[in-house]
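Reading the structure
One-letter residues, chain by chain:
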Amino acid sequence: MAGTIDSGAPVPAGLPGRAEFRQLGYGVALVALVACLPLLPFANSYLIGIVVRALIFIALGQAWNVIAGIGGQLSLGHGVFFGLGAYGTGLLFNDFGITPWVGAWLAAALAGAVAVVIGAITFRLRGIYFALATVVISLAFEKLARFYFALTGGDTGLAVNFRGTAPAVMQWREPEAFLWISLAVVLAFYAVTRWLLRGNFGLALQAVRDDEEAATSAGVNVYRTKLLALLLSAAMTALAGTLHLQFYLSIDPGTAFGLSQAIQIQLPALIGGLGTAGGPIIGGAIMILLSEGTNVASSRLGLDGVDVLAYGIVLLLIVLKAPVGILGYIKSKRLQRSGRAAPAGGGD
Amino acid sequence: MTLLAVESLRVAYGDLTAVHDISFSVEPGEIFVLLGANGAGKTSVLRAISGLLKPTRGTLNSEGVSLLGLRPDQVAHLGIAHVPEGRRIFPNLTAEENLDVSFIRQRSKETLAQLRDRVYGIFPRLASRRRQTANTMSGGEQQMLAIGRALMNTPKLLMLDEPSLGLSPLMTELMFEQLARIRDQGASILLVEQNASCIDMATRGLLLANGHTMLSGDHAKLRDSDFVRRAYLGV
């Protein structure tokens, strides 16, 4: 125990290592590349559109990662918050003329309020109640959106009144502006994730994820911590929902609240690395590349429909090969090489 | 003032009563042991004190303040720290982050660095592991970390649930020595154990069997009793 003499000197804390500087370099280069994409000679609306789709997808993954990855609370129905963001912004604009620049925040606040109600009911209970409640509430909102067609447009969905290129209401004919906005959102969400992984609130949240009982014994207010994390995650998800709405200019109940959407939201973090800052980014990028790649390949080969199958198979292979996500896989390989046991996940 | 007063405590899980009518008190500077075999109700007593479960009957007071109805985190902030059974560390956090979790919501006169240094003073091994993820640490180190985390709350009373579980006899002896040092630095200790060797350092204690008090008294009385001899031999 304490009597044993330890060989290694304590590592000075807080100093970034060489690897971290290199990672920072890659990150800056990648951001610069994405931001300058429209300037490149081969860039066109199609390519930029794919990148925008990827960025929105990544933002959703980052938002879900906050409550599920860092907080360990499995939300199977995050479509609720996505849908509230999209519908909220759209309805505020169409019916009240409120610009999405403001509407986005109001919709995020609404999503946050719904999140607090869900959390207040389910977080006092242990076990799967939270996960179940999110599914049930998703389904309920999908039905509501279909039923109140006078307000929501029902099954056909909600179409945003289009005014051409009008930056004041977050509308453009060309996708470049969305590229920059989505990139800014992804960067902001990345910063939020990094803060959670390092800061006091995030530390409490990770403690709750790792061992709820030990966390409460250590003085963490578990209920309040989970509630705040869900509020944050829901608001972030709603902001990504606004982006989706403004980019596509329409939303329908299935896309907004459907379970398939809720599952899509979970994939970037699961594929890339749950509870990590880089995971949703890597996972989201890979999935969009994969879905575009298989799509193009299958239509070239005249094998329509095979793309979805191929996409599913590759995802399955990743999950089988790297159950802790791509970043978790790389980390455990690295640890194996340095001769230590592989952790179950975590880190950034 | 009495640091912890437990009066007529009863804990039941549905129809099953785990703790029947238990009373004891812990005074400042004491090492008090709750001794007993598996299923004797020791853990239930600790969990009731720390707010992890609601007692069916009885009162719990610390320096005149009732603990009944408080959440575990509120009990921790009163200076009653619970080290639960089985090395409940946060596996994905580093050793230092594990310690820091206890500091987050604390209103302490000491700074984070001062508190960490005190823990590292007691467990130097943790200082050299501070940047290491807790799930890569050895069993003994994880137990030290769990105790260190509780010490970050600057407890008046440190409650430990079978800290010797799974440790070698040598490790166990060393750990008991650390507990004596922690007591010397001003914290009282409430220790739950099956391992009767802890009697040597206890001031007073209680022997539990099937949720009832079989024996209570000071160090000498516990040491010389037939009950304890039998428990110690594992009969």
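Just above sits the structure.
Below is a summary of the structure that appears in this document.

Brief notes about the pattern of salt bridges
Tallied over the entire structure, the rule returns 20 salt bridges over all chains. A salt bridge links Arg146(A) to Asp155(A); the nearest nitrogen and oxygen atoms lie 2.7 Å apart. In this structure Asp155(A) comes out as exposed when scored by relative accessible area, which is 55%. In this structure, Glu141(B) and Arg129(B) form a salt bridge, with 3.1 Å as the shortest nitrogen-oxygen distance. Of the two residues, Glu141(B) sits in helix α6 (residues 139-151) while Arg129(B) sits in the loop between α5 (124-128) and α6, which places them 12 residues apart along the sequence. Comparing Glu141(B) with Arg129(B) shows no difference in burial state: the two are buried. Among the ionic contacts, a cluster of salt bridges with common partners joins Asp211(A), Glu213(A), Arg47(B) and Arg88(B).

Quick word on the packing of aromatic side chains
Here the structure, examined in full by the defined rule, presents 10 aromatic pairs over all chains. Taken together, the aromatic side chains of Trp101(A), Trp172(A), Phe178(A), Phe247(A) and Tyr248(A) make up a single cluster linked through ring pairs. We note Arg124(A) situated over the ring of Tyr223(A); from NZ or CZ to the ring centre the distance is 3.8 Å. The aromatic ring of Phe90(B) is capped on one face by Arg149(B), whose charged end is 4.5 Å from the ring centroid.

A closer look at the sheet that holds strand β9 (residues 204-209) of chain B
Residues and elements named next belong to chain B. One open sheet holds the six strands; their spatial order is β6-β7-β8-β3-β9-β10, and the pairing between them is mixed. Looking along the sheet, the strands with just one partner apiece sit at the ends: β6 (80-83) and β10 (212-218). Shown here is a sheet whose adjacent strand axes are inclined to one another by a mean of 15°, direction ignored. Two strands pair when backbone bridges link them, and strand β7 (residues 157-161) and strand β8 (residues 188-193) are joined in this way by five bridges, in the parallel orientation. Residue pairing for β8: Leu-157 is matched across the bridge by Ser-188. Relative to β6, α6 is tilted by about 165°, and along the sheet it contacts β6 and β7.

Some thoughts on helix α1 (residues 42-49) of chain B
Residues and elements named next belong to chain B. Burial analysis of α1 places seven of its eight residues in the buried class, the great majority of the element. Turning to α1, its buried residues number three or more, namely Lys-42, Ser-44, Val-45, Leu-46, Arg-47, Ala-48 and Ile-49. Backbone geometry just after α1 places Gly-51 at a positive phi near 90°.

Brief notes about the packing of helix α13 (residues 279-300) of chain A against helix α14 (residues 306-321) of chain A
Residue and element names in this part refer to chain A. Interhelical geometry of α13 versus α14 gives an angle of 145° and a closest axis separation of 8 Å. In the crossing of α13 with α14, the sense of the turn from one axis to the other is right-handed. Facing Ile-286, Met-287, Leu-290, Ser-291, Thr-294, Asn-295 and Ser-298 of α13, the residues of α14 in contact are Val-306, Asp-307, Ala-310, Tyr-311, Val-314, Leu-315 and Ile-318. The class makeup of the residues in the contact of α13 with α14 is nine nonpolar, four polar and one charged.

Focus: a nonpolar patch on the surface
Residue and element names in this part refer to chain A. Taken together, the side chains of Leu-301, Leu-303, Val-306, Leu-309, Ile-313, Leu-316, Leu-317 and Leu-320 define a hydrophobic patch exposed on the protein surface, amounting to about 800 Å² of accessible area. Residue placement: Val-306 occurs in helix α14. For Val-306, a relative accessible area of 34% gives the class partly exposed.

Things to note about the sheet that holds strand β4 (residues 57-62) of chain B
Residue and element names in this part refer to chain B. What the four strands build is an open sheet, ordered β2-β1-β4-β5; its pairing is antiparallel. In the strand order of this sheet, the two ends are held by β2 (16-26) and β5 (65-66), each with one partner. Across seven bridges, the pairing between strand β1 (residues 4-13) and β2 is antiparallel. Among the inter-strand pairings, Val-11 is bridged to a residue of β2, identified as Val-19. Most of the contacts of α1 go to β1, to which it runs at about 115°, and overall it touches β1, β2 and β4.

Cut-off values and rules
- Residues numbered from 1 in each chain as written.
- Chains lettered and ligands numbered in written order.
- Predicted model: local features only at pLDDT ≥ 70, side-chain atom pairs only at ≥ 80, totals over all residues.
- Heavy atoms only, no water.
- Salt bridge = Lys/Arg side-chain N within 4 Å of Asp/Glu carboxyl O.
- Buried < 20%, exposed > 50% of the residue type's maximum accessible area, 1.4 Å probe, protein only.
- Helix = DSSP H or I, 4+ residues; strand = E, 2+ residues; numbered from the N terminus.
- Phe/Tyr/Trp six-rings, centres within 6.5 Å; stacked < 30°, edge-to-face > 60°.
- Lys NZ or Arg CZ within 6 Å of the ring centre and 35° of its normal.
- Pairing = 2+ DSSP bridges.
- Axes fitted to C-alpha atoms, helices over the stretch in contact; angles between N-to-C directions.
- Contact = heavy atoms within 4.5 Å.
- Left-handed = near helix turned anticlockwise from the far one by under 90°.
- Nonpolar A, V, L, I, M, F, W, Y, C, P; charged D, E, K, R; others polar.
- Patch = residues over 30% accessible without salt bridge, like charges linked within 9 Å, V, L, I, M, F, W, Y side chains within 5 Å.
- Areas by Shrake-Rupley, 256 points an atom, 1.4 Å probe, with all protein chains shown as cover.

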